[in-house]
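# A closer look at the structure
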Protein chains: 6
Amino acid sequence: MADGRTTPLCVFLSLLLLLSAANGLEQDFCVGDLSFSDTPAGYPCKEVSEVTCDDFVFRGLAMPGDTSNLIMAAVTPAFVSQFPGVNGLGISVARLDIAPGGVIPLHTHPGGSELLVVIEGTICAGFISSANNVYVTTLNKGDTMVFPPGQLHFQINAGDFPALAFVSFNSPNPGLQITAFALFANSLPSPLVEKVTFLDDEQVKKLKKVLGGSG
Amino acid sequence: MADGRTTPLCVFLSLLLLLSAANGLEQDFCVGDLSFSDTPAGYPCKEVSEVTCDDFVFRGLAMPGDTSNLIMAAVTPAFVSQFPGVNGLGISVARLDIAPGGVIPLHTHPGGSELLVVIEGTICAGFISSANNVYVTTLNKGDTMVFPPGQLHFQINAGDFPALAFVSFNSPNPGLQITAFALFANSLPSPLVEKVTFLDDEQVKKLKKVLGGSG
Amino acid sequence: MADGRTTPLCVFLSLLLLLSAANGLEQDFCVGDLSFSDTPAGYPCKEVSEVTCDDFVFRGLAMPGDTSNLIMAAVTPAFVSQFPGVNGLGISVARLDIAPGGVIPLHTHPGGSELLVVIEGTICAGFISSANNVYVTTLNKGDTMVFPPGQLHFQINAGDFPALAFVSFNSPNPGLQITAFALFANSLPSPLVEKVTFLDDEQVKKLKKVLGGSG
Amino acid sequence: MADGRTTPLCVFLSLLLLLSAANGLEQDFCVGDLSFSDTPAGYPCKEVSEVTCDDFVFRGLAMPGDTSNLIMAAVTPAFVSQFPGVNGLGISVARLDIAPGGVIPLHTHPGGSELLVVIEGTICAGFISSANNVYVTTLNKGDTMVFPPGQLHFQINAGDFPALAFVSFNSPNPGLQITAFALFANSLPSPLVEKVTFLDDEQVKKLKKVLGGSG
Amino acid sequence: MADGRTTPLCVFLSLLLLLSAANGLEQDFCVGDLSFSDTPAGYPCKEVSEVTCDDFVFRGLAMPGDTSNLIMAAVTPAFVSQFPGVNGLGISVARLDIAPGGVIPLHTHPGGSELLVVIEGTICAGFISSANNVYVTTLNKGDTMVFPPGQLHFQINAGDFPALAFVSFNSPNPGLQITAFALFANSLPSPLVEKVTFLDDEQVKKLKKVLGGSG
Amino acid sequence: MADGRTTPLCVFLSLLLLLSAANGLEQDFCVGDLSFSDTPAGYPCKEVSEVTCDDFVFRGLAMPGDTSNLIMAAVTPAFVSQFPGVNGLGISVARLDIAPGGVIPLHTHPGGSELLVVIEGTICAGFISSANNVYVTTLNKGDTMVFPPGQLHFQINAGDFPALAFVSFNSPNPGLQITAFALFANSLPSPLVEKVTFLDDEQVKKLKKVLGGSG
């Protein structure tokens, strides 16, 4: 540019030519168009010409979740269904609010690793490995813990004040399978639940009642 | 070759040259050398010159597993630890023997999908999705069922005779996390188990005793 | 739950709220809808609400394949085209029936590793590596052998009775390229076949006739 | 086949049966149908029955690109937009023409590694690593250089004659982000550019004018 | 378990047998042993028997980074080098502290997507796509924004108070390439910088002086 | 920088602090250290401090390969064994020299897609799909053709002058399995070759002699 051999005008024209070629290259991102059927790799892409900055921003984690429920806790996800901008990008996040006494019950994410950062309060967190080893600790503000993919883990408010954490995942759609709900909040017949868990009939029926299951 | 312009001798020599180049290309496979530390992608490779056909063959699934145990069932794995030939190849297999009345309790494989083929007998098999939907069926000889990655599933002998199945995985090391053992067969403290599962104290302590757990 | 602070009713209501959030998370699986065009990652997903347990079950491997043919053998696949439940799950299976004297001719699977388990009979199986090393063995009932991805391999009935094996793949669509059919069962011109294989003209034309090729 | 026990006719018939099964297996390739929306894994596939050899061939790199422009260079891509046959295959290529004095300015490819082979002329090429280490060299005809994914790199004609190179990528759609164009050829406000680059206001405004940017 | 046919003692023994088999299955995680050489998939694994819960916890993000520097900002990473527990798990995190007037200058992460959550303050953030489109916005407490892999982006404190954010990545080692440092903080010769960026000689030499570069 | 609030000296010092953190992030690349055992993901990395620009440059493709051999052709690879800089980067390249009348015989690359660019001469190239469809064409200077992974393909000099092409792969170690060599250049017993290929005994023995095989 220093030599001034090209005038701004011709530069601009030749640039347009180069850019028009470059326009064809584009799949920097693939904002999900949820009106299409999903595929194993995620949703088809929204047209690039219709994508705006808002597609990459999610403002739904700013407010605390409602913890006035059974578990005194709330999980507010920003997964692909809520935040189509993460489609195809291999990442997502959720907000955890846990009231004093609250718990995110034992669960797994079939689709990826989880990394938790404590923002407020004190959380007792842990996971259990395939070898049945237990890894439990207490996390304070600013502490982070990683949970390997597909393994049982939990988070409990270990303090006297509300706890807040953000958990990120290396999947736009990590899934969430809460063990107690999987066992007791559906129509899986009680004898079958007992058979595959060693639990007593009375216990299974009690929890099915509490968690809204049948059978 | 039809033209006969090259004599066998010179062909053989030039072939050697070509092959000596080709020898450098080799990583068709990576039989695991378990004496090294594992890596995220699997074990370092045994030297190709020391690899024999036996490395790719596993004969340990020919005999039935011993089902005279708590679950009246046995899982005999041919995973990378038993069968180093599958290292890096993204596949493995296990043999399931389930006596009448036996069960493979509720479990997940953190590391991959599972595909079951019934060889003998009748098996009731099922899995529970993240949305807590239940998918259960009865499988007879020759039937196959696929279990998506990371989700809770089980297999029960649904007949009067021993059942035999082979289950394959799209990982050389799929892992196996049996929910009841994860909860009750280790030192996870009882109050913590109760908190994250909603189970009663009495139930938890009873099963900890049965399954060898403490705390 | 032990404290009884929440009544079943409000629990059930708050649970519904939690579940309605969780419903959005779902892509535990992606049963293929074959009426759509395929994508590089597999078929678009059938609506979850329309998925039933039958989608994850394939009963077409229960019957022996018909071995009254040229190779006295049959491959019965449960790949994504036959078994849409494996779509996106990275796994599939096929049944091999090989009559006495029968053979699964030299072939490759472009899309993945293969793991064979012998169920009945005796099979001579082998593969050839890129370095042209040969790995051949005899497999009996219960023996398993792994074939690395993309390499030439074969299976031959090595006994006097029908042989049965199940082969699993770490792909829902592994492909199957039988070398002899690739060479002789299509319109690839004979001179071209001869040029790239070193085979004699007479041999090529003879096999083209046998295998239905032209040119 | 040597035994002649099967006649050509019945062989042909049984072969058809085998092939009709095999037809269902097919996803050897997935030529992109650009009329569909893209997905994170690439475009949906053109019907196999409509695929011809021409889909796998691209003849648009035979002619030199027009280097009478600002950078005295031209990039002619054969990415998925121009060459739908590479869809899903994880590979693509581009032609670089660099006139004497020309330059492919500092840029990155968000989507993959690059491998350059010099066909004619002399090229000064280099990249800068995350640790800000500089790797620069002069490449002559037949030399090849690899550029790790996502890192800043450039190519300059270091001779007195036109230079020609082919660059391949391990992505069908590697993207191309030229730093100067990203900074100066769009509406990114000048104060913002200055803030994030440490450049002077005068410099930024000068280049925005040259490269056609506003703001 | 309900039937009481097995006594606790024999159950415990048979369980041990089952677990000893299960112990061989383990690679739920692969805590990095940084004393070994890295591999393309990450560091070799620490022995499972030496892994403790502390390996999965990182407490180094609790304290603010020191922002008394050129950019009035600090990036505190918890990548695999600082936090070996994320090795092989495809995830990591960093803490951003940005003083009023501070900036995380234009940069890319060669190795993955980034997801930012604002914890305190107001941040102006944006990225530029390959097509040179600009996506910029203002983020407040609790807002999240995703940055596609390998693309130029930046964060600026847009308020009057210190800003705090956590950024997660879908890689244990995402890298960080700050454009200004890549250009001006090393020995890349000034004429070469000018050639590949169109910047003026005076500007380049000024910034090389400021940022500690030579040449 | 425009505000001058920081002096060059303190800037330089604080920059060093930032960079020392950044140094820990580095795995932009992983130049293979071939003195270690390979792993499924490639060789362990050479220390970054010992890496120089030469590691990313391969000058061995500048000279024509020797085509005075059986196939009147030469493949000169720049795979990871010859060019350790491509280790872990998912890309490699090879040079094809084909004399008039020469041929790269029917072969597959187990490990990836191939993309060919003709530099000189005329080449007849083709591949055969799993469905036994044939895709053959004539390529001139500047033409490019893509070969899907794992499928049989070939290249023949279709002109009267030497042909030159570069072929790139989306793997640092794609492998090369030449069908004729796999069948006839090793100790695979002749009856076994005949059984799995339908070839005549005479033909097999003739080619074993020509290509140096035994058995």
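Residues numbered from 1 in each chain as written. Chains lettered and ligands numbered in written order. Predicted model: local features only at pLDDT ≥ 70, side-chain atom pairs only at ≥ 80, totals over all residues. Heavy atoms only, no water.

### Details of the overall build of chain A
Where we set the bar: A helix here means a DSSP run of H or I that spans at least four residues, while a strand means a run of E at least two residues long, and both kinds are numbered starting from the N terminus. Three exposure classes are used, based on accessible area relative to the maximum for each residue type with a 1.4 Å probe and protein chains only: buried under 20%, partly exposed in between, and exposed over 50%. The contact criterion used throughout is that any non-hydrogen atoms of two residues lie within 4.5 Å.
Of the regular secondary structure elements, chain A holds four helices and eleven strands. Residue burial in chain A is summarised as follows: out of 215 residues, 64% are buried. Intrachain contacts of chain A at a sequence separation of at least 6 include 65% that bridge at least 24 residues.

### Considering the relation of the copies chain A and chain E
The criterion, for reference: The copies were overlaid with a least-squares fit restricted to C-alpha atoms from residues scoring a pLDDT of at least 70 in each copy.
Least-squares fitting of chain A to chain E yields an RMSD of 0.0 Å, with the superposition described by an axial translation of 0.0 Å and a rotation of 180°. The two molecules are tied by a two-fold rotation axis, judged by turn and shift. Taking C-alpha positions as reference, the residue of chain A nearest the rotation axis is A:Asn170, located at 2.5 Å. Looking at chain A, 100% of its interface residues are interface residues in chain E too, so the copies touch through the same face.

### Description of the sheet that holds strand β3 (residues 92-98) of chain F
Applied cut-off: By definition, two strands form a pair when at least two bridges between them are found by DSSP.
Read across the sheet, six strands follow the order β1(D)-β8(F)-β5(F)-β10(F)-β3(F)-β2(F) without closing on themselves; strand pairing throughout is antiparallel. Two strands lie at the open edges of the sheet, namely β1 (57-58) of chain D together with β2 (73-78) of chain F, each paired on one side alone. Where strand β5 (residues 114-120) of chain F meets strand β10 (residues 163-169) of chain F, six bridges bridge the pair, whose relative direction is antiparallel. Bridge pairing in β10(F) places F:Leu115 opposite F:Ser168.

### Describing the relation of the copies chain E and chain D
By a simple turn and slide, chain E fits onto chain D: the slide is 0.0 Å along the axis, the RMSD is 0.0 Å, and the turn is 180°. A share of 100% of the interface residues of chain E reappears at the interface of chain D, consistent with the copies meeting face to face through the same patch.

### Some words on the state of the cysteines
Applied cut-off: The definition used for a disulfide is geometric: two cysteine sulfur atoms within 2.5 Å.
All told, the structure shown has six disulfides over all chains when counted by the stated rule. The disulfide partner of B:Cys30 is B:Cys45, and the S-S distance across this bridge is 2.1 Å. Taking the torsion about the sulfur-sulfur bond, which here is approximately -100°, the covalent link between B:Cys30 and B:Cys45 counts as left-handed. Residue B:Cys30 is found in the loop between α1 (8-23) and β1 (57-58), and its partner B:Cys45 is found in the loop between α1 and β1; the two are separated by 15 residues along the sequence. Both residues of the pair, B:Cys30 and B:Cys45, count as buried. Between A:Cys53, a cysteine without a disulfide, and E:Cys124, which holds the nearest cysteine sulfur, the sulfur-to-sulfur distance is 9.2 Å.

### Focus: helix α3 (residues 190-197) of chain B
The buried fraction of α3(B) amounts to six of the eight residues, a majority that puts the element mostly inside the structure. B:Phe198 sits one or two residues past α3(B) and shows a positive phi near 70°.

### Some words on the environment of A:Thr108
Residue position: A:Thr108 is located in strand β4 (residues 103-108). In sequence terms A:Thr108 and A:Val75 are 33 residues apart; their C-alpha atoms lie 14 Å from each other. Setting aside anything within four residues of it in sequence, one finds A:Thr108 in contact with A:Gly150, A:Gln151, A:Leu152, A:His153, A:Gly175, A:Leu176, A:Gln177 and B:Gly150.

### Looking at the domain arrangement of chain A
All names here are of chain A. Going by this rule: Domains are outlined according to an automatic or database domain assignment. Put simply, buried area is the surface a 1.4 Å probe can reach on two separate parts but cannot reach once they are joined, added for both. Nitrogen and oxygen atoms within 3.5 Å of one another constitute a polar contact, given that in protein one can donate a hydrogen and the other can accept it, and given that sequence-neighbouring residues count only through two side-chain atoms. Just so you know the grouping, Ala, Val, Leu, Ile, Met, Phe, Trp, Tyr, Cys and Pro go in nonpolar, Asp, Glu, Lys and Arg go in charged, and all remaining residues, Gly too, go in polar.
Domains assigned within chain A are domain 1 (24-175) and domain 2 (178-215). Summed over both partners, the interface of domain 1 with domain 2 buries about 380 Å², with 77% contributed by carbon and sulfur atoms. Broken down residue by residue, the surface that domain 1 buries against domain 2 is led by Leu70, Pro105 and Leu106, which jointly contribute 67%. In this structure, the connection of domain 1 to domain 2 is made through one residue pair in polar contact (both at pLDDT 80 or more). Ranked by residues supplied to the side of domain 1 that touches domain 2, first place goes to β4 with three residues. Residues belonging to the side of domain 1 that touches domain 2 are distributed by class as follows: four nonpolar, one polar and no charged.

### Quick look at the side chain of E:His109
Residue and element names in this part refer to chain E. With respect to the element layout, His109 can be found in the loop between β4 (103-108) and β5 (114-120). In terms of polar contacts, His109 uses its side chain to reach the side chain of His107, at 3.2 Å. Among the polar contacts listed, one links the side chain of His109 to the side chain of His153, at a separation of 3.4 Å. Once residues lying within four places of it in the same chain are set aside, the contact partners of His109 are Glu114, Gly150, His153, Phe169, Pro174, Gly175 and Leu176.

### Focus on unusual backbone geometry
Negative phi is the rule for most residues except glycine; trans is the rule for most peptide bonds. A positive phi angle, close to 50°, is found at A:Met72, a residue other than glycine. Here A:Met72 falls in the partly exposed class, since its relative accessible area comes to 21%.

### Some thoughts on the interface of chain E and chain D
Put simply, the test is: In what follows, salt bridge is the name for a side-chain nitrogen of Lys or Arg lying within 4 Å of a carboxyl oxygen of Asp or Glu.
In this assembly, 45 residues from chain E lie in contact with 45 residues from chain D. When chain E packs against chain D, close to 3700 Å² is buried across both sides, 65% of that on carbon and sulfur atoms. Three residues, E:Gln177, E:Val196 and E:Phe198, lead the burial of chain E against chain D; their summed loss comes to 18% of the area buried on that side. For the interface between chain E and chain D, the tally reads two salt bridges. The partner of E:Lys206 in a salt bridge is D:Asp200, and the shortest N-O contact between them spans 2.8 Å. Put simply, chain E and chain D have 18 residue pairs in polar contact (both at pLDDT 80 or more) between them. Only β4, β6 (123-128), β7 (134-139), β9 (152-157), β11 (177-178), α2 (179-184), α3 (190-197) and α4 (201-211) of chain E provide two or more residues apiece to the side of chain E that touches chain D. Top contributing element to the side of chain E that touches chain D by residue count: α2(E), with six residues.

### Quick word on the interface of chain A and chain E
In this complex, chain A contributes 54 residues to the contact, which on the side of chain E involves 54 residues. Approximately 4300 Å² of surface area, both sides summed, lies buried where chain A meets chain E, with 66% of it carried by carbon and sulfur atoms. Along the contact surface separating chain A from chain E lie two salt bridges. Remark: the boundary between chain A and chain E carries 21 residue pairs in polar contact (both at pLDDT 80 or more). Mapped by element, the contributors of at least two residues to the side of chain A that touches chain E are α1 (8-23), β1 (57-58), β3 (92-98), β5 (114-120), β7 (134-139), β8 (144-147) and β10 (163-169) of chain A. Of all the elements, β7(A) adds the most residues to the side of chain A that touches chain E, at five residues. Among the residues making up the side of chain A that touches chain E, the classes are represented as 31 nonpolar, 17 polar and six charged. Examined bridge by bridge, β1(A) and strand β8 (residues 144-147) of chain E share two bridges and lie antiparallel to one another. Paired with A:Phe58 across the strands is E:Thr144, a residue of β8(E).

### A short note on the pairing of strand β5 (residues 114-120) of chain B
A regular strand places its side chains on the two faces of the sheet in alternate fashion. Residues and elements named next belong to chain B. Taken across its seven residues, β5 has six buried, putting it largely inside the fold. Here four bridges tie β5 to strand β8 (residues 144-147), and the two strands are oriented antiparallel to one another. Bridged to Leu115 within β8 is Val146.

### Here we look at the packing of aromatic side chains
As a reminder, the rule being used: Pairing of aromatic side chains here covers Phe, Tyr and the six-membered ring of Trp, requires ring centres within 6.5 Å, and sorts the geometry by plane angle: under 30 degrees stacked, over 60 edge-to-face, intermediate tilted.
Using the criterion set out here, one finds 60 aromatic pairs over all chains in the structure. With a centroid separation of 5.4 Å and 75° between ring planes, the pair formed by A:Tyr135 and E:Phe56 is classed as edge-to-face. In this pair, A:Tyr135 sits in strand β7 while E:Phe56 sits in the loop between α1 (8-23) and β1 (57-58), so the two residues belong to two different chains. Considered together, A:Tyr135 and E:Phe56 belong to a single accessibility category, that of buried residues. Ring centres 4.9 Å apart and planes at 20° place the aromatic pair D:Phe127 and D:Tyr135 in the stacked group. Note on accessibility: D:Phe127 and D:Tyr135 belong to one class, buried. Joined through ring pairs, the aromatic side chains of A:Phe29, A:Phe56, E:Phe127, E:Tyr135 and E:Phe147 make up one cluster.

### Brief notes about the sheet that holds β11(E)
All names here are of chain E. Pairing is antiparallel in the open sheet, where five strands are placed in the order β7-β6-β9-β4-β11. Pairing within the sheet leaves two strands with one partner each, and these edge strands are β7 and β11. As judged from the six bridges shared by β6 and β7, these two strands associate in the antiparallel manner. Looking at β7, one finds that Phe127 is bridged to Tyr135.

### Some thoughts on the pattern of salt bridges
This structure, assessed with the given rule, holds 30 salt bridges over all chains. Between E:Asp55 and E:Lys46 there is a salt bridge, with the nearest N and O atoms lying 2.9 Å from each other.

### With respect to the pairing of strand β2 (residues 73-78) of chain A
Residue and element names in this part refer to chain A. Within β2, five of the six residues are buried, leaving the element largely enclosed by the surrounding structure. Relative to β3, β2 runs antiparallel, the two being bridged by six bridges. In the sheet register, Ala73 faces β3, and the bridge partner there is Ile98.

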